[in-house]
Amino acid sequence: MEEDLKRKLARYFRKVDTIEPQEKKSEDFSSRLNTPTTDSIESLKQSNENEEGKSERKEERIFQLKKKLEEIERKTKQRIQKIPVKEAQLISQQSVEISTIGTLPTKAMPGGFVSTPYGEIWINETKRSLGDRFGSIYLCDILSFGKETASMVCMNSAFDDFDPNRAVYIDTETTGLEFSCATIPFLIGLGFIEGKEVIIRQLFIDRIEKEPEVLRLLSDFLEGRKHIVTFNGKSYDIPLLKTRYILNRINFDLDAFLNFDLLTAVRRIYKRRIKDCSLVSCERQILGFLREGDLPGDMIPEIYASFIREQKEGLMPFVFHHNVQDIVAMVALMGAIGRLVSWREEEDTCTHPSDLLSLAAISSKQGRHTEAEEIWGFGKENLEGEGRLESLVGLARLARRRKDYFSATQLLETALEEVPDSPHLHLMLSKIFEHDIENYEKALQHAINSRGAEDEEKWQRRVERLRKKLKNK
DNA sequence: AACACATCATGGAGGTCTGA
DNA sequence: TCAGACCTCCATGATGTGTT
């Protein structure tokens, strides 16, 4: 059985190895960073060789780009120094050396038996420095997560006091996805920030009958904490753990914790540019990080079953490793969200335009019009194409809302210069001219051009109505 | 497979305006 | 004065999606 799994895993890694170059190729983080990556420098180098006459100028350009990269690294270090949280002061300059988290799991089973009030329990503890880099994000970016960020991205005032630096990051590995009595969370990973480190403590059920003891230990670890962060935990980890507490007749109220579900936040912010919002996909596409030595989630139940049957570690170290990666990725993602929301302070603009536009939409929905206006204003001046268009329309809606019809029509007319045939823009203008300004001539003109934005029947009625109004004026 | 969202489409409520 | 048309806002239902 174990050999089967090993073969399966080997096949999987071969598959990953073969697709990796392509995936890396399709990832263009340079556009996100507004800065060239090493790859783009290399490709620039290659094209230089083909154009000998221009080589000197391009060499100079490469030199400039490299300098820019160094500048970004320098600013990141400065950012750490600026972090307004007391703990951040503990992060020395030395710990901020560029190191990327992506170590392969050790062959041996990590951790060991620890004597607890509930008996001997297998626990593994791993630490990551907040100075570690996870793709384009430093783990210490979590410390700059603003006070209002959580309530903003969760669109819920209950998160007003949410502090991701004091939260527990929870990820479970289980014996399957089905919510049956037989599904147990055999590995419970808990991440928390202490000083200048992220501590990942993993509680392992090495024998099925030890589940109640591990659950009791978990409740002890969570004692005194109020906030948790999960990825899809609202639907998966937390309901599962709640069921296990009930089935084991242990009184522990997981509903008392405020759960920041990263999946919800990620979908809200990044959905427009990444279709697949799984954690691994977020790592690659938002953080720019490619996992090494990871295994697919659907193999995990089988690996644990094999461990229980044969009482041999087999591939369990990979599962421990996978769990640590998930927790660290959650911390990094929180950092990415924190940085996005504090985009004004980002001199090196690591921010993707579409993420900013999502943020504007979220702000607008919550009635945070000043924030939305600020982002759309930035978009109007600094973006091109669809981003600029969306910013102009957003600003026009806000202007109409505050009854500034002059600005609203001006903004929409500017948008029309970019896409003169847009029936939707013509429809918006037609409504403002008809209902707000009462300029029926212009309203009719735009109504005629709005064909296609709504039903043919509605369009005809609108045009006819405006013709009548114009006649009777 | 269970669950909790998110998004999208649809329709109703309530307010305002027009024209007979 | 009142029916009808239009707007915005909100509620509801269908569908899709992550988790191991």
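Below or above, wherever it landed, is the structure these notes cover. (Residues numbered from 1 in each chain as written. Chains lettered and ligands numbered in written order. Predicted model: local features only at pLDDT ≥ 70, side-chain atom pairs only at ≥ 80, totals over all residues. Heavy atoms only, no water.)

## Focus on unusual backbone geometry
Backbone geometry follows two general trends: most residues other than glycine have a negative phi, and most peptide bonds adopt the trans configuration.
Moving on, step 1. A positive phi angle, near 50 degrees, is found at M155, a position not held by glycine.
Moving on, step 2. Within the element layout of this structure, M155 appears in the loop between α5 (149-154) and β5 (168-174).
Moving on, step 3. Judged by its relative accessible area of 31%, M155 falls in the partly exposed class.
Moving on, step 4. Even without glycine at this site, N232 takes up a positive phi of about 65 degrees.
Moving on, step 5. The topology assignment puts N232 in the loop between β8 (227-230) and α7 (237-247).
Moving on, step 6. Accessibility expressed as a relative area gives 28% for N232, which makes it partly exposed. (Helix = DSSP H or I, 4+ residues; strand = E, 2+ residues; numbered from the N terminus. Buried < 20%, exposed > 50% of the residue type's maximum accessible area, 1.4 Å probe, protein only.)

## Some remarks on the protein's contact with DNA strand B
Moving on, step 1. By nearness alone, 13 residues border DNA strand B, and L177, K234, S235, T264 and R268 come closest of all.
Moving on, step 2. Atoms of DNA strand B within 4 Å of the protein: sugar and phosphate make up 62%, bases the balance.
Moving on, step 3. At 3.0 Å, a side-chain N or O of K234 approaches a phosphate oxygen of DNA strand B.
Moving on, step 4. Here a sugar or linking oxygen of DNA strand B sits 2.9 Å away from a polar atom, N or O, in the side chain of S235.
Moving on, step 5. Broken down by secondary-structure element, the contributors of at least two residues to the surface near DNA strand B are α8 (262-270) and α18 (456-472).
Moving on, step 6. Per-element accounting of the surface near DNA strand B gives the leading share, 3 residues, to α8. (Near = heavy atom within 4 Å. Polar contact = N/O pair within 3.5 Å; in protein donor to acceptor, adjacent residues only side chain to side chain.)

## Here we look at the pattern of salt bridges
Oppositely charged side chains can form a pair if their charged atoms are brought close together.
Moving on, step 1. Counted according to the given criterion, the structure contains 14 salt bridges.
Moving on, step 2. Notably, a salt bridge pairs D163 with R166, separated by 3.5 Å at the nearest N-O pair.
Moving on, step 3. Where R291 meets E283, a salt bridge forms, and the shortest distance between an N and an O atom there is 2.5 Å. Both residues of the pair, R291 and E283, count as buried. (Salt bridge = Lys/Arg side-chain N within 4 Å of Asp/Glu carboxyl O.)

## Here's the deal with the pairing of strand β1 (residues 112-116)
Moving on, step 1. Pairing of β1 with strand β2 (residues 119-129), which is carried by 5 bridges, proceeds in the antiparallel orientation. Note that in β2 the partner of S115 across the bridge is E120.
Moving on, step 2. What sits between the antiparallel neighbours β1 and β2 is a turn of 2 residues. (Pairing = 2+ DSSP bridges.)

## Points about the pairing of β5
Both faces of the sheet carry side chains from a regular strand, because those side chains alternate between them.
Moving on, step 1. Along β5, 7 of the 7 residues are buried, which leaves the element largely enclosed by surrounding structure.
Moving on, step 2. Neither face of β5 is open: one carries V168, I170, T172 and T174, the other Y169, D171 and E173, and all of them are buried.
Moving on, step 3. Relative to β8, β5 is paired through 2 bridges, and the arrangement is parallel. Its bridge partner being in β8, V168 is matched across the sheet by I228.
Moving on, step 4. Here β5 runs beside strand β6 (residues 185-194); their pairing, made up of 6 bridges, is antiparallel. By the bridge assignment, T174 is partnered in β6 with P185.

## Topic: the nonpolar core
Moving on, step 1. By size, the foremost hydrophobic cluster in this structure holds 82 residues, and its most contacted members are Y169, F260 and L262.
Moving on, step 2. If you tally residues by element for this core, the top one is helix α11 (residues 316-341), at 13 residues.
Moving on, step 3. No fewer than three residues from each of domain 2 (96-345) and domain 3 (353-472) sit in this core.
Moving on, step 4. Non-local contacts of Y169, meaning those with residues more than four positions away in its chain, are made with I142, P164, G189, L190, G191, I193, V229, I327, M330, V331 and M334.
Moving on, step 5. The next biggest cluster of nonpolar side chains, apart from the first, holds 39 residues, and it includes M109, V214, I238 and L254. (Core = buried A, V, L, I, M, F, W, Y, C linked by side-chain atoms within 4.5 Å. Domains from an automatic or database assignment. Contact = heavy atoms within 4.5 Å.)

## Describing the protein's contact with DNA strand C
Moving on, step 1. For DNA strand C, the set of nearby residues contains 28 residues, the closest of which are L177, L279, R400, K431 and R465.
Moving on, step 2. Taken together, the sugar and phosphate atoms account for 70% of what DNA strand C places within 4 Å of the protein.
Moving on, step 3. A distance of 3.4 Å separates a sugar or linking oxygen of DNA strand C from a polar side-chain atom of Y236.
Moving on, step 4. In the environment of DNA strand C, a base oxygen lies 3.0 Å from a nitrogen or oxygen atom belonging to the side chain of R267.
Moving on, step 5. Among the elements that make up the surface near DNA strand C, the one with the highest residue count is β5 (4 residues).
Moving on, step 6. Of the residues contributing to the surface near DNA strand C, the split by class is 7 nonpolar, 8 polar and 13 charged. (Nonpolar A, V, L, I, M, F, W, Y, C, P; charged D, E, K, R; others polar.)

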